[in-house]
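Inside the fold
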Amino acid sequence: MTLMSIKKFSFTYPGADEPSLKNITLPIEKNKITALIGPSGCGKSTLLRSMNRIHDLYPGNKYDGKIELFNETSKKYENILDIKKENEFIELRQKVGMIFQKPTPFPMSIFDNVAYGLKIAGIKNKSELQDRVENALKGSALWKEVHDRLGKSAMGLSGGQQQRLCIARAVAVKPELLLFDEPTSALDPISTGAIEELLVELKKDITIAIVTHNMQQASRISDYTAFMYLGDLVEYDKTENIFLNPKEKQTEDYITGRFG
Amino acid sequence: MKRLVINKIVLALSTLSAVLGLAFLAWILITLFVKGLSSFHLSLFVNDLINNGLRNLIIGQFILAGMASIIGIPLGMVAGIYIREYGRGRYANIIRNLSDIMMSAPSIVIGAFVYALVVVPTGHTSGFAGSIALAIMMIPIVISTTDSMLSLVPQELREAGIALGASKYKVIFDIVIKSAKVGIMTGILLAFARIVGETAPLLFTSQTSNYFTLDLTQAFPSLSVSIYDLASDVQTSSRDLAWAASFILTVMVLVINLTGKFITRNKK
Ligand SMILES: Nc1ncnc2c1ncn2[C@@H]1O[C@H](COP(=O)(O)OP(=O)(O)O)[C@@H](O)[C@H]1O
Ligand SMILES: [Mg+2]
């Protein structure tokens, strides 16, 4: 089943002459991992950041086309590009979370970090907060390491732990889709391995879209792969097809390392 | 060859001016410490100026600076937050430029401004007028500290908050300001140190008083203005008292400054 359906989508940054994304059509399948790959500057982040409209933090962007998100209650697809009201944006971002390249722990305790999104979503009940924080930390394979220091500052964790904390924080609000923008490029190989394992575990409950520079990573963890080049979507297919049997010459050149 | 010679001349000149600068600073500090300490006595902290002590002046100085902080810190912080987090383009730049101009305005001009604005209409000098003058000095410093400390907070942190469904003001108040807290507090402390020793803004706004008072609607005691009065007095005893007062004021400012520097260093 398709959770998000991107249709003939173009995106132009404020003041730019050319669109950074041109006529992209791409499904994001439910409970699968979709990897976005392509050379630096091809528009991977721009596409990912359109999926929760985090771009709108800055004014003057131009969107064309549609990005439809399946609404579980109404059983209908709704175009997120139509969103204008603050409360609709908040609702969208509670459904579509985001993890960044550098870990972004908030300057507060480990517990408060994970509880932050829950409190914003209006959960006040202490025991419910505690349960959900614990579950999120367990789900992010961090509980064992931090259960005895939940009240300590999150800034004291290692980079890899901070990144898993950010994942726990995003998972806690039970999003439908999680967007990852090169989440392991600032981490050592062991932390990277832990996060890759975690992503595969998470997809049982959450749909994942991940931007990655790392070809091996894409082939290891993703079910579908989209190859982008200069703002175009060149090829989208099951990951094994992209890596073993690409249809486009450009895709083949890229994955065999002939450019990029 | 020619470059080498020029190099040496420039090096010699800059060393000389550095030494000269430091020598004058040392001279001032040594004179201050020697003369100040020789007239220093613990009874200065017990008696008011009317009994040849400095108690009312020290307390008054802190009350004036404290009142200025109560007015200046919130205003400066709100303006700083506005120009960094909300202001886009024109308005933010107008406030930023205005604040920079205010920061370099001579303090005596600020004193004259408050004299015309507060002292003339009310008919007399007052602690309030002095506090307002000090607050006007403080605001641009707090604005620029807040602005620059907030600019050091990585943009991803704001985006991470927004991506969790937080509204912009929640992100600013829960996350961004907290991240910049130590920097902003240090800046405020240094701004306090900057105004706590000021004379010119108080000279014709709050003046000074020989007596202890907490009444801010009247002329208000302050170390700095009394130093000015005592130092130009004909009696030697008054001039000795001025040295002791200068010594105390300098130590106060130094301690506050060093605390600020210490906090910044520990942060790093
Ligand atoms: N804030 C911005 N304003 C204008 N152009 C931008 C901005 N961010 C990225 N771009 C441009 O958009 C294109 C795509 O960038 P990006 O999505 O970051 O690429 P990728 O993530 O694939 O490396 C690049 O040409 C880049 O220069
Ligand atoms: Mg990118």
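Everything discussed here concerns the structure shown above.
The notes below deal with the structure included here.

Rules and cut-offs
- Residues numbered from 1 in each chain as written.
- Chains lettered and ligands numbered in written order.
- Predicted model: local features only at pLDDT ≥ 70, side-chain atom pairs only at ≥ 80, totals over all residues.
- Heavy atoms only, no water.
- Helix = DSSP H or I, 4+ residues; strand = E, 2+ residues; numbered from the N terminus.
- Buried < 20%, exposed > 50% of the residue type's maximum accessible area, 1.4 Å probe, protein only.
- Contact = heavy atoms within 4.5 Å.
- Pairing = 2+ DSSP bridges.
- Axes fitted to C-alpha atoms, helices over the stretch in contact; angles between N-to-C directions.
- Core = buried A, V, L, I, M, F, W, Y, C linked by side-chain atoms within 4.5 Å.
- Polar contact = N/O pair within 3.5 Å; in protein donor to acceptor, adjacent residues only side chain to side chain.
- Buried area = accessible area lost by both parts, 1.4 Å probe.
- Salt bridge = Lys/Arg side-chain N within 4 Å of Asp/Glu carboxyl O.
- Nonpolar A, V, L, I, M, F, W, Y, C, P; charged D, E, K, R; others polar.
- Near = heavy atom within 4 Å.

**Some remarks on the overall build of chain B**
- Along chain B, the regular secondary structure elements total 11 helices and zero strands.
- Secondary structure elements in chain B, listed N-terminal to C-terminal, are α-α-α-α-α-α-α-α-α-α-α.
- The dimensions of chain B, computed from C-alpha atoms along their principal axes, are 70 × 65 × 35 Å.
- Here chain B holds 268 residues, and the buried ones make up 42% of them.
- Counted over contacts in chain B with a minimum sequence separation of 6, partners at least 24 positions apart contribute 76%.

**Structural notes on the sheet that holds strand S3 (residues 33-37) of chain A**
All names here are of chain A.
- With mixed pairing, six strands are arranged side by side in an open sheet as S6-S7-S8-S3-S9-S10. Only two strands of the sheet have a single neighbouring strand rather than two, namely strand S6 (96-99) and strand S10 (232-238). Ignoring strand direction, the axes of neighbouring strands in this sheet form an average angle of 15°.
- Sheet topology note: the strand S9 (residues 224-229)/S10 ladder contains six bridges and is antiparallel. If you follow Thr 225 over to S10, its bridge partner there is Asp 237.
- Against the sheet, helix H6 (residues 159-172) makes contact with S6 and strand S7 (177-181), and its axis sits at roughly 175° relative to S6, the strand it touches most.
- Together, S3, S7 and strand S8 (207-211) form the strand contacts of helix H7 (residues 189-202), whose direction differs from that of S8 by roughly 145°.

**Section: the nonpolar core**
- Ranked by internal contacts, the top residues of the largest apolar core, which has 81 residues, are Met4(A), Ile6(A), Phe9(A), Leu47(A) and Met51(A).
- A total of 10 residues in this core trace back to one element, the largest contributor, which is helix H5 (residues 127-151) of chain B.
- Counting 24 residues, the second-largest nonpolar core is a separate cluster that includes Ile99(A), Ala170(A), Ala218(A) and Tyr254(A).

**Here we look at the side chain of Thr145(B)**
Residue and element names in this part refer to chain B.
- Assignment of secondary structure puts Thr 145 in helix H5.
- A relative accessible area of 11% means that Thr 145 is categorised as buried.
- In terms of polar contacts, Thr 145 uses its side chain to reach the backbone carbonyl oxygen of Ile 141, at 2.7 Å.

**Brief notes about the interface of chain A and chain B**
- At the junction of the two partners, chain A supplies 25 residues and chain B supplies 20 residues.
- Both sides together, the interface formed by chain A and chain B hides about 1,900 Å², and carbon and sulfur atoms give 68% of it.
- Summed over the three residues of chain A that lose the most area to chain B, namely Leu57(A), Pro107(A) and Tyr116(A), the buried surface amounts to 27% of that side.
- At the boundary of chain A with chain B, the tally comes to one salt bridge.
- Residue Arg49(A) is joined to Glu159(B) by a salt bridge in which the shortest nitrogen-to-oxygen separation is 2.8 Å.
- Viewed at the interface, chain B and chain A are joined by four residue pairs in polar contact (both at pLDDT 80 or more).
- For the side of chain A that touches chain B, the element with the most residues is helix H2 (residues 86-95) of chain A, which contributes four residues.
- Residue composition of the side of chain A that touches chain B, grouped by class: 15 nonpolar, five polar and five charged.

**Remarks on the sheet that holds strand S5 (residues 76-79) of chain A**
All names here are of chain A.
- The antiparallel open sheet is built from four strands, whose spatial order is S2-S1-S4-S5. What marks the edges here is a single partner per strand, and that holds for strand S2 (21-29) and S5. The sheet shows a mean angle of 15° between the axes of neighbouring strands, taken without regard to direction.
- Bridge count between strand S4 (residues 62-71) and S5: four bridges; the pairing is antiparallel.

**Brief notes about the environment of Glu235(A)**
Residue and element names in this part refer to chain A.
- With respect to the helices and strands, the residue Glu 235 is situated in strand S10.
- A C-alpha to C-alpha distance of 7.0 Å links Glu 235 and Glu 248, two positions 13 residues apart in sequence.
- Apart from residues lying up to four places away in sequence, Glu 235 is in contact with Thr 225, Ala 226, Phe 227, Ile 242, Pro 246, Lys 247, Glu 248 and Thr 251.
- Polar contacts involving the side chain of Glu 235 include one to the main-chain amide nitrogen of Glu 248, which spans 3.0 Å.
- Side chain to side chain, Glu 235 and Thr 251 meet in a polar contact 2.8 Å long.

**Points about the site of ligand 1**
All names here are of chain A.
- Taken together, Tyr 13, Ser 20, Ser 40, Gly 41, Cys 42, Gly 43, Lys 44, Ser 45 and Thr 46 are the residues near ligand 1.
- Within the backbone of Lys 44, an N or O atom sits 2.9 Å from an oxygen atom of ligand 1.
- A distance of 2.7 Å separates an oxygen atom of ligand 1 from a polar atom in the side chain of Ser 45.

Coordinates in, geometry out; function isn't part of it.
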